[in-house]
Amino acid sequence: MTAAASSPITHLLSSHHHTQPRFHRLHITCTATPTRLHSPPPLTAATSDRVFNFAAGPAVLPESVLLRAQSELLNWHGSGMSVMEMSHRGKEFTSIIDKAESDLRTLLSIPDDYYCLFLQGGATTQFSAVPLNLCFPDDTVDYLVTGSWGGKAATEAKKYVKEVNVIWNGKSENYVRVPEFDDGLVQDSDAKYLHICANETIYGVEFKEYPEPKNKGGVLVADMSSNFCSKPVDVGKFGLIYAGAQKNIGPAGVTMVIVRKDLVGNAQGITPVMLDYMIHAENKSLYNTPPCFGVYMCGLVFEHLLEQGGLVEVEKKNKRKAELLYDAIDGSGGFYRCPVEKSVRSLMNVPFTLERSELEAVFIKEAANEKMVALKGHRSVGGMRASIYNAMPYAGAEKLVGFMKDFQARHA
């Protein structure tokens, strides 16, 4: 390397050994553009960016609720923390869960002699919890099975009681109706409870009236997962109501249990602590860490339902949506078909098929292209299913019906 090509480093290395090197302060400047964090989206409803989500659960939530949760996500009510960061035993979360319970009691007019529990594990966990809490091992229970979920509940109960009496099962008819209660239904005179699934999500069958247990000491138990808070219910007619939240009142992770107080406190000895209603009642749903953010979201939904005028008004809106959709199916001349008896068609889950089944995949794909998603029927039955829960706006049902008519015109 020539002297002309030498660098400060080579010059330093070639210096005499007795000469002390002199170091110069280096100034380094970064000229790259700094990375910026994305600004939070504006708190306005970006309707154009959202789809109409007809999923059976987890399902659509009210936009206003999502936007409020967004605005409170980082700093809930000036607490300096998110709901997801709070201690479940702190005053902040205590106020959240207390208000959620109070609003739910108002919505459903829940009597004072009922516990209202915010639990976990989904409705499927309650298939075990119900017989474990309400029965002794030698007891008998009755189940009225109008769909897959009622059948699964009955199967699970067999593990914990002496006899599960299935007083009616619609499986042979492919679950298209609810039986007449006084038409040959033989209840066990000693049955501790009569269990129903108030709305079968998969088959779209909904009880419009409720049976009464023949045993004077027995109670009515209902899985209301897919129609919970969709209409007024006389809670006093039931000993126990349970429901997964992820269809009508919030995100997945919360399970509601409303149970009469005198039915609690005699759980079987083998009952796991997390399935014992008394444990949760005594600890006000805070025996262990609850799904805090899910409870908070349920509370926001309860507020939203109250703001609409309560469940009487909510039911009116649900009926209007359902009638629009069922009228389109029935008026299609057989191009679309709903197999469920008209008297018990669900206001929440509308199953239907096409006369030409080979067009179903095309229907689902084209609907998705028009921002209408999750219309594919349950894997066990096929076809299509439109779940039109509380948060589905009328505009969503209108758009689906418009698409259905257009699709028929192009493929009939």
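A. Representation of the overall build of the chain within the structure. Along its length, the chain carries 10 helices and 14 strands. With 412 residues in all, the chain has 49% of them scored as buried. In the chain, the share of contacts with a sequence separation of at least 24, taken over all contacts with a separation of at least 6, comes to 69%. Summed over all atoms, the accessible surface of the chain reaches about 21,000 Å², with 53% contributed by carbon and sulfur.

B. Main features of unusual backbone geometry. For the peptide bond that leads from glycine 57 to proline 58, omega is 0°, which places it in the cis range. With a phi angle near 65°, asparagine 174 is a residue other than glycine that sits in the positive phi range. In this structure, asparagine 174 sits in the loop between β4 (163–169) and β5 (193–197). The backbone of lysine 284 shows a phi angle near 50°, a positive value even though the residue is not glycine. Secondary-structure assignment places lysine 284 in the loop between α6 (277–282) and α7 (292–307). Residue classification places lysine 284 among the exposed positions, given a relative accessible area of 66%.

C. Examining a negative patch on the surface more closely. Together, Glu180, Asp182, Asp183, Glu209 and Glu341 make up a region of like negative charge exposed at the surface. By secondary structure assignment, the location of glutamate 209 is in the loop between β7 (205–206) and β8 (219–223). Assessed through its relative accessible area of 58%, glutamate 209 is described here as exposed.

D. Examining the side chain of glutamine 187 more closely. For glutamine 187, the location among the structural elements is in the loop between β4 and β5. Contacts of glutamine 187, omitting those with residues within four sequence positions, involve Asp142, Asn165, Ile167, Leu194, Glu212, Pro213 and Lys214.

E. Representation of the pairing of β4. In terms of strand pairing, strand β3 (residues 140–145) meets β4 through 6 bridges, oriented parallel. Paired with tyrosine 143 across the two strands is valine 166, which belongs to β4.

F. Representation of the layout of surface pockets within the structure. Roughly 480 Å³ of volume is contained in the largest pocket. Phe52, Ala391, Met392, Pro393 and Tyr394 are, among the 24 residues lining the largest pocket, the residues nearest its centre. A per-element tally of the lining of the largest pocket places helix α8 (residues 311–330) first, with 5 residues. Across the lining of the largest pocket, the residue classes break down as 11 nonpolar, 7 polar and 6 charged.

G. Region of the structure containing the pattern of salt bridges. In the structure shown here, the tally under the stated rule is 20 salt bridges. Across the pair aspartate 330 and lysine 342 runs a salt bridge, and its minimum N-O distance is 3.9 Å. Of this pair, aspartate 330 sits in helix α8 while lysine 342 sits in the loop between β11 (336–337) and β12 (349–354), and the two are 12 residues apart along the sequence. By relative accessible area, aspartate 330 is classed as partly exposed at 37%. For arginine 337, the salt bridge identified is with glutamate 355, shortest N-O distance 3.6 Å.

H. Quick look at the packing of aromatic side chains. Tallied over the entire structure, the rule returns 14 aromatic pairs. Seen in terms of ring centroids, phenylalanine 352 and phenylalanine 363 are 5.9 Å apart; in terms of plane orientation they differ by 80°. Their pairing is edge-to-face. Here phenylalanine 363 lies in helix α9 (residues 360–369) and phenylalanine 352 lies in strand β12, a separation of 11 residues in the sequence. Here phenylalanine 363 falls in the buried class, since its relative accessible area comes to 0%. A ring pair is formed by phenylalanine 363 and phenylalanine 403, whose centres lie 5.1 Å apart and whose planes are at 65°; its orientation type is edge-to-face. In this pair, phenylalanine 363 is assigned in helix α9 and phenylalanine 403 in helix α10 (residues 394–411), connecting sequence segments 40 residues apart. Residue phenylalanine 403 is classed as buried on the basis of its relative accessible area, which comes to 8%. Within the aromatic cluster, the residues linked to one another by ring pairs are Phe335, Tyr336, Phe352, Phe363, Phe403 and Phe407.

I. Representation of a nonpolar patch on the surface. Together, Val273, Met274 and Tyr287 give the surface a local cluster of nonpolar side chains, amounting to about 230 Å² of exposed area. You can see tyrosine 287 is positioned in the loop between α6 and α7. In this structure tyrosine 287 comes out as partly exposed when scored by relative accessible area, which is 36%.

J. Broad picture of the confidence of the model for the chain. Taken as a whole, the chain shows an average pLDDT of 91; of its residues, 89% reach a score of 70 or greater. Considering only residues more than four positions removed or in separate chains, one finds that residues 1–21, a stretch of pLDDT under 50, has 3 contacts. With pLDDT under 50 throughout, residues 28–41 is counted as low confidence; its partners more than four residues away or in other chains account for 1 contact.

K. Local environment of the nonpolar core. Of all hydrophobic cores here, the largest spans 122 residues; its most connected members are Leu108, Tyr193, Phe228, Tyr277 and Phe363. It is α7 that contributes the most residues to this core, 9 residues altogether.

Scoring rules and cut-offs
- Residues numbered from 1 in each chain as written.
- Predicted model: local features only at pLDDT ≥ 70, side-chain atom pairs only at ≥ 80, totals over all residues.
- Heavy atoms only, no water.
- Helix = DSSP H or I, 4+ residues; strand = E, 2+ residues; numbered from the N terminus.
- Buried < 20%, exposed > 50% of the residue type's maximum accessible area, 1.4 Å probe, protein only.
- Contact = heavy atoms within 4.5 Å.
- Areas by Shrake-Rupley, 256 points an atom, 1.4 Å probe, with all protein chains shown as cover.
- Patch = residues over 30% accessible without salt bridge, like charges linked within 9 Å, V, L, I, M, F, W, Y side chains within 5 Å.
- Salt bridge = Lys/Arg side-chain N within 4 Å of Asp/Glu carboxyl O.
- Lys, Arg positive; Asp, Glu negative; His and termini not counted.
- Charge placed at Lys NZ, Arg CZ, Asp CG, Glu CD.
- Pairing = 2+ DSSP bridges.
- 1 Å grid on protein atoms, 1.4 Å probe; cavity = no way out; pocket = protein on both sides within 12 Å on 5 of 7 lines; lining within 4 Å.
- Points joined across faces, edges and corners; volume = space filled by probe spheres on them.
- Nonpolar A, V, L, I, M, F, W, Y, C, P; charged D, E, K, R; others polar.
- Phe/Tyr/Trp six-rings, centres within 6.5 Å; stacked < 30°, edge-to-face > 60°.
- pLDDT = per-residue confidence, 0-100.
- Core = buried A, V, L, I, M, F, W, Y, C linked by side-chain atoms within 4.5 Å.

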